[in-house]
Amino acid sequence: MNLETKAKQKLTTHTSVPYALAWGTQILAAGNDGRVVFYETDGNCFQKIDYSKDDKVKEFTAASFNPTGETAIVGNFNRFYVFNYNSKRPQWDEICCKHIENYYSVTALAWKFDSSKIGFGSLCGSIDIFDVCLRKSKYKGKFEFTYVSLSQVIVKSIEGGKKMVMKSDVGAEI
């Protein structure tokens, strides 16, 4: 909706109530039908991931993209799913599914500004923080590299503890 002209535009109609909605490289929508759908900005379906036949999957309740828009996390009952955008194929790949017994529904998700951590809120009131990285490595014992996405690396000085974020502006792999 344009606030000045009050003009509005319908993007698409999702297959269920979109409880989980987030915008990154594409627009992610998921709900109580067990499907995670990535839409283009024109409303066309980019990719569908169907968990509806998996008895362990309940409704998707929250979603969030990291600041680069290349990693998405979608909350479910007692679990969350992590997806990375693969620009070489181009498609979304499920990186992992983390199961946490008695966590119940994920009600909120929020990324740290440098994509190194994500906060989760649960139905029971807990707030949990998870480290998010593809890999960590040390260079000559002086620096630690934390790869938080394919196009973003956090470089930390081991001695001084100072950090610097290196990010590709065009989404190229580092």
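For the structure itself, consult the block above.
Reference entry: report on the structure contained in this document. (Residues numbered from 1 in each chain as written. Predicted model: local features only at pLDDT ≥ 70, side-chain atom pairs only at ≥ 80, totals over all residues. Heavy atoms only, no water.)

By the bridge criterion, six bridges tie strand S13 (residues 143–149) to strand S14 (residues 152–157) in an arrangement that is antiparallel. Directly across from Phe145, in S14, lies its bridge partner Val155. Linkage of S13 to S14, two consecutive antiparallel strands, is achieved through a turn of two residues. Here S14 folds back onto strand S15 (residues 163–167) in antiparallel fashion, the turn holding five residues, of which Gly161 has a positive phi close to 80 degrees. (Pairing = 2+ DSSP bridges. Helix = DSSP H or I, 4+ residues; strand = E, 2+ residues; numbered from the N terminus.)

Another aspect to go through is unusual backbone geometry. Residue Asn102 is not a glycine yet carries a positive backbone phi of 65 degrees. In this structure, Asn102 sits in the loop between strand S8 (91–99) and strand S9 (106–111). Located in the positive-phi region is Ser115, a residue other than glycine, with phi close to 70 degrees. In this structure, Ser115 sits in the loop between S9 and strand S10 (117–122). On the basis of relative accessible area, Ser115 is assigned to the buried category, the value being 0%. (Buried < 20%, exposed > 50% of the residue type's maximum accessible area, 1.4 Å probe, protein only.)

A separate point is the sheet that holds strand S2 (residues 27–30). Remark on secondary structure: sheet strands pair via backbone hydrogen bonds, oriented parallel or antiparallel. The sheet built from four strands is open, its strands ordered S1-S2-S3-S4 with antiparallel pairing. Edge positions in the sheet fall to strand S1 (20–23) and strand S4 (45–50), since each of these pairs with one other strand and no more. Each strand axis lies, on average, 15 degrees off the axis of its neighbour in the sheet, ignoring direction. Both S2 and strand S3 (residues 35–39) contribute to a ladder of four bridges, which runs antiparallel. Bridge assignment links Ile27 to a residue of S3, and that residue is Tyr39. (Axes fitted to C-alpha atoms, helices over the stretch in contact; angles between N-to-C directions.)

Attention now moves to the pattern of salt bridges. Under the defined criterion, the tally for this structure stands at four salt bridges. The partner of Asp33 in a salt bridge is Arg35, and the shortest N-O contact between them spans 3.5 Å. When its relative accessible area of 15% is taken as the criterion, Asp33 is described as buried. Of the residues examined, Arg35 reaches a relative accessible area of 29% and is grouped as partly exposed. The closest approach of N and O atoms between Asp50 and Arg35, which form a salt bridge, is 3.5 Å. With a gap of 15 residues between them, Asp50 in strand S4 and Arg35 in strand S3 connect regions that are remote in the sequence. The class of Asp50 is partly exposed, set by a relative accessible area of 45%. The structure contains a network of salt bridges with shared partners spanning Asp33, Arg35 and Asp50. (Salt bridge = Lys/Arg side-chain N within 4 Å of Asp/Glu carboxyl O.)

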